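Okay, here's what each chain looks like letter by letter:
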Amino acid sequence: MPLPAAVLLLLLGVFPTEKKALFAVATASNSNNNGNVNYLAVERHCAGTLHRDVCRSTLWSIPDLAQKPLRSVISDVVSRAAAAVRASSSNCSSYLARPRALRVRDRLALADCLELFGHTLAQLGAAAAGLSSESVADVQTVLSAALTNQYTCLDGFSGPSASEDGRVRPFVQGRIYHAAHLVSNSLAMLRRLPSSSSSSSSSSSSSSSSSSSSSSSSSSSPPPPPPPRSSSGSSSAASSSPGRKKMQ
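Residues numbered from 1 in each chain as written. Predicted model: local features only at pLDDT ≥ 70, side-chain atom pairs only at ≥ 80, totals over all residues. Heavy atoms only, no water.

The protein carries the name Pectinesterase inhibitor domain-containing protein in an unreviewed UniProt entry, which gives Eleusine coracana subsp. coracana as its organism.

**Thoughts on the packing of helix α5 (residues 104-130) against helix α6 (residues 136-155)**
It is the contact of α5 with α6, at a shortest axis distance of 9 Å, that shows an interaxial angle of 160°. Our classification of the angle between α5 and α6 gives roughly antiparallel. Two packed elements cross with a definite hand, and for α5 against α6 that hand is left-handed. Counting all contacts with α5, which are made through Cys-113, Leu-116, Phe-117, His-119, Thr-120, Gln-123, Leu-124, Ala-127 and Gly-130, the residues of α6 involved are Val-139, Val-142, Leu-143, Ala-145, Ala-146, Asn-149, Gln-150, Thr-152 and Cys-153. A breakdown of the residues in the contact of α5 with α6 according to their chemical character gives 11 nonpolar, 7 polar and no charged. (Axes fitted to C-alpha atoms, helices over the stretch in contact; angles between N-to-C directions. Helix = DSSP H or I, 4+ residues; strand = E, 2+ residues; numbered from the N terminus. Parallel < 35°, antiparallel > 145°, perpendicular 65-115°, else oblique. Left-handed = near helix turned anticlockwise from the far one by under 90°. Contact = heavy atoms within 4.5 Å. Nonpolar A, V, L, I, M, F, W, Y, C, P; charged D, E, K, R; others polar.)

**Overview of the pattern of salt bridges**
Tallying each qualifying case throughout the model produces 3 salt bridges. For the salt bridge of Arg-56 with Glu-43, the shortest nitrogen-to-oxygen distance reads 2.8 Å. Here Glu-43 lies in helix α2 (residues 16-46) and Arg-56 lies in helix α3 (residues 52-60), a separation of 13 residues in the sequence. Owing to a relative accessible area of 22%, Glu-43 belongs among the partly exposed residues under this scheme. One continuous salt-bridge network, built from bridges that share partners, spans Glu-43, Asp-53 and Arg-56. (Salt bridge = Lys/Arg side-chain N within 4 Å of Asp/Glu carboxyl O. Buried < 20%, exposed > 50% of the residue type's maximum accessible area, 1.4 Å probe, protein only.)

Shown next as structure tokens:
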């Protein structure tokens, strides 16, 4: 038989330790439920990404992930990619500040990387702004260019052979790869958004099909009936025939 509410309140007042224990159990249960919801959201968003571990660690740090729409989640990943590019730029600048300890290939590669990082930050900013207004195809274009910039930067350190690669590359490639993986994951999640180009093409195809069906229906309709023949010609011919008989 359940105890009345007054008795429960009295027991909780008499036994404060049990009250704290009940509160702790309720809090733990609530946190477990939130953790399960966030876990499902992380697995759902990271499905299909090439760098799953990076995706999971990134999304776990986003608050209220389960309540956010996919566009907002992608925007958060793009923001973290921009932060990773800034870290790479700062790292490369620190090595470029010591030109005497660098070979010519390393110095030129670092300068090229800094220029590419500037372009990448502009592209990521355009992608973050476009996620709220532009079409998916436009955002995909700038993200693809940002991803290409990271690998172009690393290619600048490559020598004729692996043993002749730049000496600086092992110290800068970790941050660059991390930024590239974040951009790659954002591209993978972006492909799940509906494309406006596909909807416009479907609408244009439906309009063309409707116009073709209307033209085919008009072509298949029967031709109009011929106009009625005039009786004036036959009557005049009939009236002229007796005159010929009289003349004969």
